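The primary structure of each chain is shown beneath.
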Amino acid sequence: MPGRHVSRVRALYKRVLQLHRVLPPDLKALGDQYVKDEFRRHKAVGSDEAQRFLQEWEVYATVLSQQANENRQNSTGKPCFGIFLPEEKLNDFRDEQIGQLQELMQEAMKPNWQFRVSESAEPKL
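Residues numbered from 1 in each chain as written. Predicted model: local features only at pLDDT ≥ 70, side-chain atom pairs only at ≥ 80, totals over all residues. Heavy atoms only, no water.

As annotated in an unreviewed UniProt entry, the chain carries the name Succinate dehydrogenase assembly factor 3 and comes from Callithrix jacchus. Its UniProt record gives the chain the following Subunit (unreviewed entry) comment, quoted word for word: "Interacts with the iron-sulfur protein subunit within the SDH catalytic dimer." The annotation that UniProt attaches to the chain under Subcellular location (unreviewed entry) is "Mitochondrion matrix". (UniProt positions renumbered as here; feature names shortened; annotations may be inferred.)

## With respect to helix 2 (residues 25-41)
Because an α-helix completes one turn every 3.6 residues, residues spaced three or four positions apart along the sequence face the same direction. With 17 residues, helix 2 extends 24 Å between its outermost C-alpha atoms, agreeing within 8% with the 24 Å of an ideal straight helix rising 1.5 Å per residue. If you follow the buried residues of helix 2, they end up packed against helix 1 (2-19), helix 3 (47-73) and helix 5 (95-109). (Helix = DSSP H or I, 4+ residues; strand = E, 2+ residues; numbered from the N terminus. Expected span 1.5 Å × (residues − 1). Contact = heavy atoms within 4.5 Å.)

## Some thoughts on the nonpolar core
Leu12, Val16, Leu17, Leu19, Leu23, Val35, Phe39, Phe53, Leu54, Trp57, Ala61 and Leu64 form the largest nonpolar core, which has twelve residues in total. When neighbours within four sequence positions are excluded, Leu12 is seen to be in contact with Phe39, Leu54, Trp57, Glu58 and Ala61. (Core = buried A, V, L, I, M, F, W, Y, C linked by side-chain atoms within 4.5 Å. Buried < 20%, exposed > 50% of the residue type's maximum accessible area, 1.4 Å probe, protein only.)

## A look at the packing of helix 1 against helix 3
With their axes 10 Å apart at the nearest point, helix 1 and helix 3 run at an angle of 30° to one another. As summarised for this structure, helix 1 and helix 3 are arranged roughly parallel, according to the angle between their axes. The hand of the helix 1/helix 3 crossing is left-handed. Of the residues in helix 3, those in contact with His5, Arg8, Val9, Leu12, Arg15, Val16 and Leu19 of helix 1 are Ala50, Gln51, Leu54, Trp57, Glu58, Tyr60, Ala61, Thr62, Leu64 and Ser65. (Axes fitted to C-alpha atoms, helices over the stretch in contact; angles between N-to-C directions. Parallel < 35°, antiparallel > 145°, perpendicular 65-115°, else oblique. Left-handed = near helix turned anticlockwise from the far one by under 90°.)

The following block contains the structure:
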């Protein structure tokens, strides 16, 4: 059974990182780092927490896959990723999770200039 669990975790980890390829570069970099940190942080958790962790990441992967497909079909508009997080779900979070969510939000709101591409082909001096 542990071998089956490990292969399930690896497959999900790989799937999420593959799905991140459709994200804009700044979100991909942020998302990839977050996924790596979270999976590493949950390596030694108990069985119940591991199950919930995997379920939540499977939901994330499903939603991201659906949004990527919708964005491909609606290629004229700006890509849209993410979902609304209802208050009931937030109430289930531990203080540590709220802190992580806040840090993630702050990081996502920062301008990531290293990923910006200038519209102009002219070099700026």
